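Chain by chain, the residues:
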Amino acid sequence: MKIKILHMVDGAKKATGTTVVIDVFRAFSVEAYCLFMGAEKIIPVGDVKLAYDFKEKNPDYILAGERHGKILPGFDCGNSPSEIVKLDLKGKTVIHTTSAGTQGIVNADGADEIIGGSLLCAKAIANYIKKTDKKDISLVCMGLEAVSQTEEDNLCANYIKSLLLECETDLQSEIENLKTTSGAKFFDKAQNEVFPEADFHMCVEYDKFDFIVKLEKGEDGISYMRKYNV
């Protein structure tokens, strides 16, 4: 098995094989919760205008996302798991655009398949890769707004790698360290409106779900993120 750890948009463009695009805070944690809450599918888009166009043509779709962490005008929800779980998502389609995670999805043109990476689904992702005997693995850490590396995405990539190689890792202590590094914003009262503390705890609940978030092309030609049970 060949495992590559790549970073940001440039890394997404270089990704091959089974590609796990990782965004722990918060894109693919949000998508995992959406599917857990009963959403039928998620449309990941890189361009805000495209997100608005989808919503205009499909008013019943849920519009979720952010730029610089903040909810976009006219959106139903920001990129926040603690907000998204308050919505009735059963059977719904979610349009999702973010500064980092969805940018990785739309730029991974060389991938054979794409999975949304989070700590929530880390063990399920590793189990899927082992179960399906994948040999070429790209773990793409999208980082902060896809321009700089972050501890949580690197941690997630290294954790998935350790599961694939069956190595031990002290995940809990590293998660604790996130409170004073890239996760510190969730504990800053001045930023609490944009980065609720609850989001931190919801995003680091590792191995919570036994499914993966996987990109599939629909019959209509649109690519959707869907729940895939492992």
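Anything mentioned here points back to the structure above.
Throughout, residues of each chain are indexed from 1 in the direction in which the sequence is written. Local features in this predicted model are restricted to residues whose pLDDT is 70 or higher, and side-chain atom pairs enter the listing and the counts only when it is 80 or higher, whereas totals over whole chains, interfaces and linings include all residues. Hydrogens and water molecules were not included; the side-chain quantities draw on all heavy atoms of the structure.

Brief notes about the overall build of the protein
Thought 1: Only runs of H or I of at least four residues qualify as helices and only runs of E of at least two qualify as strands under DSSP, and these elements are numbered from the N terminus. Helix and strand counts for the protein come out as nine helices and 10 strands.
Thought 2: The atom set for the radius of gyration is the C-alpha atoms, and the globule formula is 2.2 Å times the number of residues raised to the power 0.38. Its C-alpha atoms give the protein a radius of gyration of 16 Å, within 12% of the compact-globule value 17 Å for 230 residues.
Thought 3: Only protein chains enter the calculation, and the probe is 1.4 Å; a residue is then buried if its accessible area is under 20% of its type maximum, exposed if over 50%, and partly exposed in between. Counting the 230 residues in the protein, one finds 55% classified as buried.
Thought 4: Residues count as neighbours in contact if any of their non-hydrogen atoms are within 4.5 Å of one another. Within the protein, counting contacts between residues at least 6 apart in sequence, those at least 24 apart form 74% of the total.

Overview of the pattern of salt bridges
Thought 1: A pairing counts as a salt bridge when a side-chain nitrogen of Lys or Arg comes within 4 Å of a carboxyl oxygen of Asp or Glu. Counted by the stated rule, this structure contains 11 salt bridges.
Thought 2: The shortest N-O distance in the salt bridge between Lys-179 and Glu-176 comes to 3.3 Å.
Thought 3: Overall, the relative accessible area of 42% leaves Glu-176 in the partly exposed class.
Thought 4: The network of salt bridges with common partners includes Glu-113, Lys-134 and Lys-214.

Here's the deal with the side chain of Thr-150
Thought 1: Along the chain, Thr-150 turns up in the loop between strand E8 (136-141) and helix H7 (151-165).
Thought 2: The buried category is assigned to Thr-150, whose relative accessible area is 9%.
Thought 3: By the criterion applied in these results, polar contacts are pairs of N or O atoms within 3.5 Å in which, for protein atoms, one can donate a hydrogen and the other can accept it, and in which residues neighboring in sequence qualify only through two side-chain atoms. At a separation of 3.1 Å, a polar atom in the side chain of Thr-150 contacts the side chain of Glu-152.
Thought 4: Apart from the residues within four sequence positions on either side, Thr-150 is in contact with Gly-143, Leu-144 and Ser-182.

Side note on the packing of helix H6 (residues 122-131) against H7
Thought 1: Between H6 and H7, the least distance of the axes is 9 Å, while the angle of their chain directions is 40°. On the basis of their axis angle, the class for H6 and H7 is oblique. As H6 runs across H7, the sense of the crossing is right-handed. For the pair H6 and H7, the contacting residues are Ala-122, Lys-123, Ile-125, Ala-126, Ile-129 and Lys-130 in the first and Tyr-159, Ile-160, Leu-163 and Leu-164 in the second.
Thought 2: Three classes are used, and their members are as follows: Ala, Val, Leu, Ile, Met, Phe, Trp, Tyr, Cys and Pro are nonpolar, Asp, Glu, Lys and Arg are charged, and the others, Gly among them, are polar. Residue composition of the contact of H6 with H7, by class: eight nonpolar, no polar and two charged. Only the stretch in contact is used when a helix axis is fitted, and all axes are lines through C-alpha atoms; the angle between N-to-C directions ranges over 0 to 180 degrees. Any angle between 65 and 115 degrees counts as roughly perpendicular, while under 35 counts as roughly parallel, over 145 as roughly antiparallel, and the rest as oblique. Helix crossings fall into two classes, left-handed where the near helix is turned counterclockwise from the far one by less than a right angle and right-handed where it is turned clockwise.

Here's the deal with the packing of aromatic side chains
Thought 1: Centres within 6.5 Å make a pair out of two Phe, Tyr or Trp rings, where for Trp the six-membered ring is used; the pair is then stacked when the planes are under 30 degrees apart, edge-to-face when over 60, and tilted otherwise. Applying the stated criterion across every chain yields a total of 11 aromatic pairs.
Thought 2: Both rings, one in Phe-186 and one in Phe-195, keep their centres 5.7 Å apart while their planes meet at 85°; by these two values the pair is edge-to-face. Neither residue differs from the other here; Phe-186 and Phe-195 are each classed as buried.
Thought 3: When the ring of Phe-187 is compared with that of Phe-200, the centres are 5.0 Å apart and the planes differ by 70°; the resulting orientation is edge-to-face. Of this pair, Phe-187 sits in the loop between helix H8 (171-178) and helix H9 (197-203) while Phe-200 sits in helix H9, placing them 13 residues apart in sequence.

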